[in-house]
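Geometric and topological summary
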Amino acid sequence: MNRLSDAALAELKDQSCAPGYAREDLGVGIVHLGLGAFHKAHQAFYTDRVLARSGGDWRILGVAMRNAQVAEDINAQDGLFALLEKRETGPRAHVVGSIASALCAATQSSEVIAALCAPTTKIVSTTVTEKGYGIDPATRAPDQTNPVIQRDWENPENPVGVLGMIVEALRLRRASNVAPFTVLCCDNLPENGRFVKAGLVGFAAHRDPELAAWIDANLSCPSTMVDRITPAQTEETRALVAQCLGVADSQAIETEPFHQWVIEDDFPLGRPAWEEVGAIIAPDVTPYEDMKLRLLNGSHSLLAYAGYLDGKRYVRDAMADEKLVRLVRQLMHAAIETLPAIEGIDLADYAEDLIQRFKNPEIAHETLQIASDGSQKLGQRIFAPAVQALQSGATIRPFAVAIACWIWFCRTQGTAVNDPRAEELSAAFQGDDPDDILRGLMAMNGLQPDTLKESEVWSDTLRDMLSQLIAVPVDLFLMEESKLA
Ligand code: CS2
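A brief look at the structure comes next. (Residues numbered from 1 in each chain as written. Predicted model: local features only at pLDDT ≥ 70, side-chain atom pairs only at ≥ 80, totals over all residues. Heavy atoms only, no water.)

Structural notes on the overall build of the chain
In terms of regular secondary structure, the chain is built from 21 helices and 11 strands. Computed over C-alpha atoms, the radius of gyration of the chain comes to 23 Å, within 12% of the 23 Å expected from 2.2 N^0.38 for 485 residues, which places it in the range of a compact globule. A principal-axis box enclosing the C-alpha atoms of the chain has dimensions of 65 × 55 × 45 Å. Residue pairs in contact within the chain that sit at least 24 positions apart in sequence constitute 76% of those at least 6 positions apart. Counting only carbon and sulfur atoms, one obtains 49% of the accessible surface of the chain, whose full area is about 18700 Å². Positive and negative side-chain charges in the chain, numbering 43 and 67 respectively, have mean positions lying 2 Å apart. (Helix = DSSP H or I, 4+ residues; strand = E, 2+ residues; numbered from the N terminus. Rg over C-alpha atoms; globule rule 2.2 N^0.38 Å. Contact = heavy atoms within 4.5 Å. Areas by Shrake-Rupley, 256 points an atom, 1.4 Å probe, with all protein chains shown as cover. Lys, Arg positive; Asp, Glu negative; His and termini not counted. Charge placed at Lys NZ, Arg CZ, Asp CG, Glu CD.)

Here it is, written out as structure tokens:
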């Protein structure tokens, strides 16, 4: 079987699966940092649809931050990959043509900087995960203890990290009078545009305060809410794509049919007409972000921890268990109480649609995958709504359940927990005395908001959850759902 490539497009079993436009005629206008499955299923997919509809010089140069193999493999397919939508009626494959080629930041720093400096580069988008920026979420300043930040401060003209690369490119663009590109952060962070801009200004200030002031005054960083559940690729993904298309594709990804993108419209150098293919342009995406972070991602984290502890490998398995569905509904209900109304969206319907999306039997999303990086995710997903619930006198119990399950999950993993703060977490959550564990949590910098630290109601509730977890094996605890109500 031939490998997917420009030349192999003519051999596709079904020509309606091909990109449907002359890729080579369209220039590159976007550099994307973080060439993973989520980018392929979301921004690359939306941009592909725009290119098919109205063309434009908006193809994407993908940058893998660390793994050179990722870039080599997609280049061997001329940037092409298949997106497999897992519908309940059967899978549907489509070849995405928006990625022109790829580089690796760790091994090709100067090539990446050159691409970022090209006047044709109008947008630099990012999906590097919450921890990938090296920005302290509590202060939005660069984390001085982060090895990549330290390395790039020492080698500012040869950077390998997100902040270092963007700042160096902006410095060079400014020196040669090229207007700054727009930075579009597409990670699950609240006010993600403001977050990344603060990190960039802070990083630049360490190098040159004047450059920092210029970035602050001239750089556009619109915030955006992105959504599409995209599990890691498996052998089955590749086998299904080979069956549907008749070509071999090592870069194929699988994802759910649902997708949503809400974007603030602040692109001084222009942008693809993403709204023509379904994106929503909004003056302020904060309410959409909070809705998604607290309802989708918060529930995902709870399902990941409680599901994993209850022996569920995939989200769909957890959702086949009524007691876990009830647990998730309780959290959603409490989270809705903390959200403002959004015109055109019924939050109860949104939550119900999420339940159905999580149940999709075609999507094999590992609880362990979502369980990673809790220290980076739970602030916006669980602690922030817990603060609001506490302040308004609403129920905080479902938030305490989620945190207790996370703590318990960390205890089962020890120092092997997949989290940049693994050592600290394992030291904090030792022993069988809930008060020791609470003290450990409190001592972790920037994790639990002060309002919760100072609240007896919160500490009592969390202590209560933890004592129950300690008193009975966790699987029994989860069976005894009444204790969680
Ligand atoms: C998940 C997200 O892994 C996680 O933490 O909650 O990746 C989630 O699948 C996406 O945000 C869905 O849009």
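Continuing now.
Regarding the site of the ligand
The environment of the ligand is made up of Asn188, Asp227, Arg228, Ile229, Lys292, Asn297, His300, His365, Ile370, Lys377 and Arg381. Asn188 is positioned with one of its side-chain polar atoms (N or O) 2.9 Å from an oxygen atom of the ligand. One nitrogen or oxygen atom from the side chain of His300 is found 2.8 Å from an oxygen atom belonging to the ligand. Relative to its unbound accessible surface of 340 Å², the ligand loses 88% to contact with the protein. For the shell around the ligand, the leading source of residues is helix α10 (residues 286-309), giving three residues. (Near = heavy atom within 4 Å. Polar contact = N/O pair within 3.5 Å; in protein donor to acceptor, adjacent residues only side chain to side chain.)

Concerning the sheet that holds strand β7 (residues 182-185)
Pairing in this open sheet of five strands is parallel, and the strands run β5-β2-β1-β6-β7 from one edge to the other. Each edge of the sheet is formed by a strand with only one pairing partner; in this case those strands are β5 (99-104) and β7. Sheet twist, expressed as the mean angle between neighbouring strand axes with direction ignored, is 25°. Here strand β2 (residues 59-64) runs beside β5; their pairing, made up of five bridges, is parallel. In the strand pairing of β5, Ala64 is matched with Cys104. (Pairing = 2+ DSSP bridges. Axes fitted to C-alpha atoms, helices over the stretch in contact; angles between N-to-C directions.)

Brief notes about the environment of Ser5
Its location among the elements puts Ser5 in the segment before β1 (28-33). Since its relative accessible area comes to 14%, Ser5 is described here as buried. Separated by 82 residues in sequence, Ser5 and Arg87 place their C-alpha atoms 26 Å apart. Not counting the four nearest positions on each side in its chain, Ser5 is found in contact with Gln77, Asp78 and Leu80. (Buried < 20%, exposed > 50% of the residue type's maximum accessible area, 1.4 Å probe, protein only.)

These values are about where atoms sit, not about what they do.
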